[in-house]
Amino acid sequence: MSLPFASFVHDDEFIYVLYIIAFALFIIGLGGLTGPRTAVRGNRIAAVGMAIAVIATLLIDGMGNWVLIVMGVVVGTVVGVPAARNVKMTAMPQMVALFNGVGGGAVALIAWAEFRNTGGFSGEATYVVVFELFAAIVGSISFWGSNIAFAKLQEILPGKPIVLPAQQLINVALLAVCVGFGVAIATGTDSQWVFIGILVAAALLGNFVVLPIGGADMPVVISMLNAFTGLSAAATGMALNNPALIVAGMIVGASGSILTNLMAKAMNRSIPSIVAGGFGGAGALPAAGAD
Amino acid sequence: MLVTNLAILVLAGFVGYYVISKVPNTLHTPLMSGTNAIHGIVLLGGLVVLGLGVDGWLSKLLLVIAIAFGTINVVGGFLVTDRMLEMFKGKDPKKVAA
């Protein structure tokens, strides 16, 4: 940037200060969201925090590719705003599932781009590789799992549980593929096909984990996938050394896990029995905690 | 760097745990939706990786899609949460359930 008097805004420290303000607003906002009177304001405070975090990131010294960045943001806004504005109140849970899914998808795509960008993570610290692989696997599971949750709630797929024979065995095998391929990459394989193999195995796993779950349990599952996406975002932050991603992602990962548990309890269900599947039935959807 | 970031990670985990430990059942869905919007922060990851430079059209395409996805997550998430919470203003607890 050519404005000398404004050069301090590109300082790492200034950007960190903005990130810290953003964290504070996220935490205040989330606190607000836990009370009926403060919830609307809490959500808006968190949104302001997000705007600050985005602006801070755009100020990072050396940012370029502005046309592509603007393109991505515009496309996202043009798709996201009308979708959020026009969705019927009764269709909110599946909308949240979709929004959660694209978040997970973004995580997986960033990991893939980083894999390509670094020549198969060559020369990266081991911990960076591990966090990137975690992000790729969990992001992909969250994307596909959320899409299935959406399709079930939207009745594109039948709400009743869909189970393959030897489902558990298949899931364990897919997880083993993810881990095995991940070890191959961590120990030096730079073939992109191995990485794509991880994304595909994780995608299948995401499908197979949610397909056996009945429609009535879906809000709990969406909450669980929400926590997954948060954790994968935090992992991306660890790999990219970006504190905003670490803090926001981990807050969601932790609060989402607790919330999943609370929601299951409110519906008199236990998470293990939900994930084991087959109980939720195809019937009407009680909103989480509707009692 | 790793240790500092791990410390941040662990502390953020505790914050997430304690900040929502007491939440009424009616607020479960909006809270899920609000936290959902917050993890849209992955958008920043796409901005950093693309903005600081990548080679090749495929990497750029992946990142543009990632940024679009992240933006959908953020703007859609906050807007949907706002709409859900608007229902609380009616003060009719039955309406809150959706």
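Residues numbered from 1 in each chain as written. Chains lettered and ligands numbered in written order. Predicted model: local features only at pLDDT ≥ 70, side-chain atom pairs only at ≥ 80, totals over all residues. Heavy atoms only, no water.

A cluster of nonpolar side chains, contributed by A:V67, A:M71, A:V75 and A:V79, occupies part of the molecular surface with about 350 Å² of accessible area. Topologically, A:V67 is positioned in helix α3 (residues 66-86). (Patch = residues over 30% accessible without salt bridge, like charges linked within 9 Å, V, L, I, M, F, W, Y side chains within 5 Å. Areas by Shrake-Rupley, 256 points an atom, 1.4 Å probe, with all protein chains shown as cover. Salt bridge = Lys/Arg side-chain N within 4 Å of Asp/Glu carboxyl O. Helix = DSSP H or I, 4+ residues; strand = E, 2+ residues; numbered from the N terminus.)

Further remarks concern the interface of chain B and chain A. Taken residue by residue, the interface counts 79 residues in chain B and 96 residues in chain A. With both sides pooled, the region where chain B packs onto chain A buries about 7600 Å², and carbon together with sulfur makes up 78% of that total. The interface formed by chain B and chain A includes two salt bridges. Between A:R44 and B:E86 there is a salt bridge, with the nearest N and O atoms lying 3.3 Å from each other. Taken together, the links from chain B to chain A amount to 16 residue pairs in polar contact (both at pLDDT 80 or more). (Contact = heavy atoms within 4.5 Å. Buried area = accessible area lost by both parts, 1.4 Å probe. Polar contact = N/O pair within 3.5 Å; in protein donor to acceptor, adjacent residues only side chain to side chain.)

Following the criterion strictly, the structure yields three salt bridges over all chains and no others. Where B:D82 meets A:R44, a salt bridge forms, and the shortest distance between an N and an O atom there is 3.0 Å. Placement of B:D82 in helix α4 (residues 57-86) and of A:R44 in helix α2 (residues 39-58) is noted, with the two residues assigned to different chains. On the basis of relative accessibility, which here comes to 16%, the residue B:D82 falls in the buried class. Salt-bridge contacts for A:D217 lead to A:R269; the nearest nitrogen and oxygen are separated by 2.7 Å. Of this pair, A:D217 sits in the loop between α7 (192-210) and α8 (218-240) while A:R269 sits in the loop between α9 (243-266) and α10 (271-276), and the two are 52 residues apart along the sequence. Judged by relative accessible area, A:R269 falls into the partly exposed class, the value being 22%. (Buried < 20%, exposed > 50% of the residue type's maximum accessible area, 1.4 Å probe, protein only.)

All names here are of chain B. Running from N to C, helix α3 (residues 42-51) and α4 cross one another at 150 degrees; their axes reach a closest spacing of 8 Å. Between α3 and α4, the angle is such that the two are roughly antiparallel. The way α3 lies across α4 gives a crossing that is left-handed. Each of L43, G46, L47, V49 and L50 in α3 lies in contact with α4, whose residues at this interface are K60, L63, V64, I67, G70, T71 and V74. Its residues placed into classes, the contact of α3 with α4 shows eight nonpolar, three polar and one charged. (Axes fitted to C-alpha atoms, helices over the stretch in contact; angles between N-to-C directions. Parallel < 35°, antiparallel > 145°, perpendicular 65-115°, else oblique. Left-handed = near helix turned anticlockwise from the far one by under 90°. Nonpolar A, V, L, I, M, F, W, Y, C, P; charged D, E, K, R; others polar.)

To continue, consider the nonpolar core. In this structure, A:Y19, A:I185, A:F195, B:I41 and B:V80 are the most contacted members of the largest nonpolar core, which totals 122 residues. Broken down by element, the residue count for this core peaks at 15 residues, all from helix α4 (residues 92-117) of chain A. Counting contributing residues per domain, this core is built from domain 1 (1-63) and domain 2 (88-276) of chain A, each supplying no fewer than three. With near-sequence residues (within four places) excluded, B:V80 lies in contact with A:A84, A:V87, A:M92, A:M95, A:V96, A:F99 and B:S33. (Core = buried A, V, L, I, M, F, W, Y, C linked by side-chain atoms within 4.5 Å. Domains from an automatic or database assignment.)

Let us now look at α9(A). Think of an α-helix as turning once every 3.6 residues; residues three or four places apart then point the same way. All names here are of chain A. Over its 24 residues, α9 runs 34 Å from end to end, which matches the ideal 34 Å to within 8%, given 1.5 Å per residue. For α9, the tally of buried residues reaches 20 of 24 residues, placing the bulk of the element in the interior. Of the residues flanking the start of α9, the one acting as N-cap is N242, its side-chain oxygen 2.9 Å from the backbone nitrogen of A244. In the segment just after α9, N268 is the residue with positive phi, at about 55 degrees. (Expected span 1.5 Å × (residues − 1).)

The next subject is the environment of A:D11. Structurally, A:D11 can be placed in the segment before α1 (12-33). Along the primary structure A:D11 and A:S223 are separated by 212 residues, whereas in three dimensions their C-alpha atoms are 37 Å apart.

Residues and elements named next belong to chain A. Each assigned domain of chain A is listed here: domain 1 (1-63) and domain 2 (88-276). The distance between the C-alpha centroids of domain 1 and domain 2 comes to 26 Å. Each partner contributes residues to the interface: domain 1 has six residues there, and domain 2 has eight residues. Where domain 1 abuts domain 2, roughly 600 Å² becomes buried across the two surfaces, and 84% of that area is made up of carbon and sulfur atoms. Connecting domain 1 to domain 2 are zero salt bridges. At the junction of domain 1 with domain 2, the criterion picks out one residue pair in polar contact (both at pLDDT 80 or more). Here the side of domain 1 that touches domain 2 is composed, by residue class, of six nonpolar, no polar and no charged.

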